[in-house]
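Report on the structure
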Amino acid sequence: MKDYFMKIQSVIPGSIAEEAGIEPGDVLVSVNGKKVKDIFDYRFFISEEDLLVEVQKPDGDILEVDIEKDEYEDLGIEFETSLMDEPKSCTNKCIFCFIDQLPKGMRETLYFKDDDSRLSFLMGNYVTLTNMKDEDMDRIIEYHMSPINISVHTTNPDLRIAMLRNRFAGNVMERIRKLTESGITVNCQIVLCRDINDGAELDRTIKDLASLYPGVNSISVVPVGLTRYRDGLYRLKPFDRESSRQVISQVGTWQKRLLKEKGSRVVYIADEFYIMAGLAMPGYDEYEDFPQIENGVGLIAKFRYEFLERLDELDAPGNKKNITKGPKHRRKISIATGVSAYGHITELVGMLADRFEKADIHVYDIKNDFFGENVTVTGLLTGRDLVSQLSGKDLGDELLICRCMLKAGEDVFLDDYTVDMVQNELAVKVTVVDNNGSELVDRIIGTFDNAWQGTVDSL
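The structure presented is a predicted model; accordingly, all values stated were derived computationally and were not measured.

**With respect to the packing of aromatic side chains**
For the structure shown, the criterion picks out 6 aromatic pairs. Centroid distance Tyr 284 to Tyr 305: 3.8 Å. Interplanar angle 15 degrees. Geometry classified as stacked. You can see Tyr 284 sitting in the loop between α10 (271-277) and α11 (299-314) and its partner Tyr 305 sitting in helix α11, a full 21 residues away along the chain. Judged by relative accessible area, Tyr 305 falls into the partly exposed class, the value being 36%.

**With respect to helix α9 (residues 241-262)**
Over its 22 residues, α9 runs 31 Å from end to end, which matches the ideal 32 Å to within 8%, given 1.5 Å per residue. Of all the positions in α9, only Ser 243, Ser 244, Val 247, Ile 248, Gln 250, Val 251, Gly 252, Trp 254, Gln 255 and Leu 258 are classed as buried. Where α9 begins, the capping side chain belongs to Asp 240, and its oxygen is found 3.4 Å from the backbone nitrogen of Glu 242. Gly 263 occupies a position one or two residues after α9 and carries a positive phi of about 80 degrees.

**As for the side chain of Thr 227**
Tracing the chain through its elements places Thr 227 in the loop between β10 (216-223) and α9. Reaching out from Thr 227, the side chain makes a polar contact with the backbone nitrogen of Tyr 229 at a distance of 3.0 Å.

**Some thoughts on the sheet that holds strand β4 (residues 50-56)**
Ordered in space as β3-β2-β4-β5, the 4 strands form an open sheet in which the pairing is antiparallel. If you trace the sheet from one side to the other, it starts and ends with β3 (34-35) and β5 (62-68), each paired once. Examined bridge by bridge, β4 and β5 share 7 bridges and lie antiparallel to one another. Residue pairing for β5: Asp 50 is matched across the bridge by Glu 68.

**Some remarks on unusual backbone geometry**
Along the chain, Ser 146 connects to Pro 147 via a cis peptide bond; the corresponding omega equals 0 degrees. As for its placement among the helices and strands, Pro 147 is situated in the loop between α5 (134-142) and β8 (148-151). With omega at 10 degrees, the peptide bond leading from Tyr 213 into Pro 214 counts as cis. Inspection of the secondary structure puts Pro 214 in the loop between α8 (200-210) and β10.

**Here's the deal with α11**
Taking 1.5 Å as the rise per residue, α11 with 16 residues should run 22 Å; its terminal C-alpha atoms sit 23 Å apart, in good agreement. Those residues of α11 not exposed but buried are Ile 300, Ala 301, Phe 303, Glu 306, Phe 307, Arg 310, Leu 311 and Leu 314.

**Quick look at the side chain of Ser 244**
Residue position: Ser 244 is located in helix α9. If we ignore the near neighbours within four places in the chain, the residues touching Ser 244 are Phe 239, Phe 273, Met 276 and Ala 277.

Thresholds applied
Residues numbered from 1 in each chain as written. Predicted model: local features only at pLDDT ≥ 70, side-chain atom pairs only at ≥ 80, totals over all residues. Heavy atoms only, no water. Phe/Tyr/Trp six-rings, centres within 6.5 Å; stacked < 30°, edge-to-face > 60°. Helix = DSSP H or I, 4+ residues; strand = E, 2+ residues; numbered from the N terminus. Buried < 20%, exposed > 50% of the residue type's maximum accessible area, 1.4 Å probe, protein only. Expected span 1.5 Å × (residues − 1). Polar contact = N/O pair within 3.5 Å; in protein donor to acceptor, adjacent residues only side chain to side chain. Pairing = 2+ DSSP bridges. Contact = heavy atoms within 4.5 Å.

Here's what the structure looks like:
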């Protein structure tokens, strides 16, 4: 089975590997006599200038290749699995685990709980560190796998053990300190559970983690996600308007203090808290360099900034005449979004529509019937909910949806509906748009006609 992970899927044309006679279907055996455990061993070993690479051919013959190259120069090999190993599964039984709240009958991969530091480095996944041995920590440091994203939740040892239901979960500060003192940058996440790790416990966690700044580069505070599939699970209360406002006020106090003491806010609040609280989002600059953007923190502020910046570009001298005139014929565009983003998208699209005499853009908020009303983010919408709630609606000539609804690199929703299925059932062209305000502007404008598209492309 291990050979599968070391199997070479492709070799880049003109690369060192191709010149050395390494081919797709070969299996990597060793580099400089060392067995390769995973992608990090491989990257570390091939960083040297002089290599002896050993591969096994499909017929079983062994090929040994001497390679001289520049330091850190890549060989041009792509493997069948990105890790060259099985991802490490999670042994925690967290009281808030989202995967435990999934309904039955979904694709098998959605039920896999990973807690792999390599995926944290490669893909930005969050890990708890509870499933790591000391040698795993040492490898992170030796290979300088930085940054690493860590799910902390609380720095109170007893409370963390209880929340993660793992007796090895209490030493998180010790492990984070070891990483930061070794030059590893850490981004931390606090999944906030009402009446459990909020209040005084949240103050303690922020204080402890911020004391390790700049090694701890950022901290995000996100509300626990609760689906309707919680029968038999730990009873958790969703945040509401008042409790969300309390969190914003509490964390805001820390932001002001840390900005004064350390020159950075360090801790950031998830967009959902502001939406639930009914408060305006912070400004673009308040997220600094958006260190938690992959965790959905600051997405709306960034999206709004990109959207308005693009509108300003289109309003520049020489473009304004075309913008005002718009297309020759009225076109109808529809946009589907989650409940939490609906108000913001509607406001922005209204600004865009005001610049066109013949633009007819309708935004639809899609309620999450699949997971339940407490789940309001766009990224967890399903194809089935799109179809059921948009059927019979006037969708115009084109329906725009956000790429965050889909599996990475594929046109598949969480419920295994495909974009083609949604398109066929709704009888409308469906266009996938990246989660970028500038692209949404261009997609809306670009749908009008070819002549107008040419004007946009030339800007």
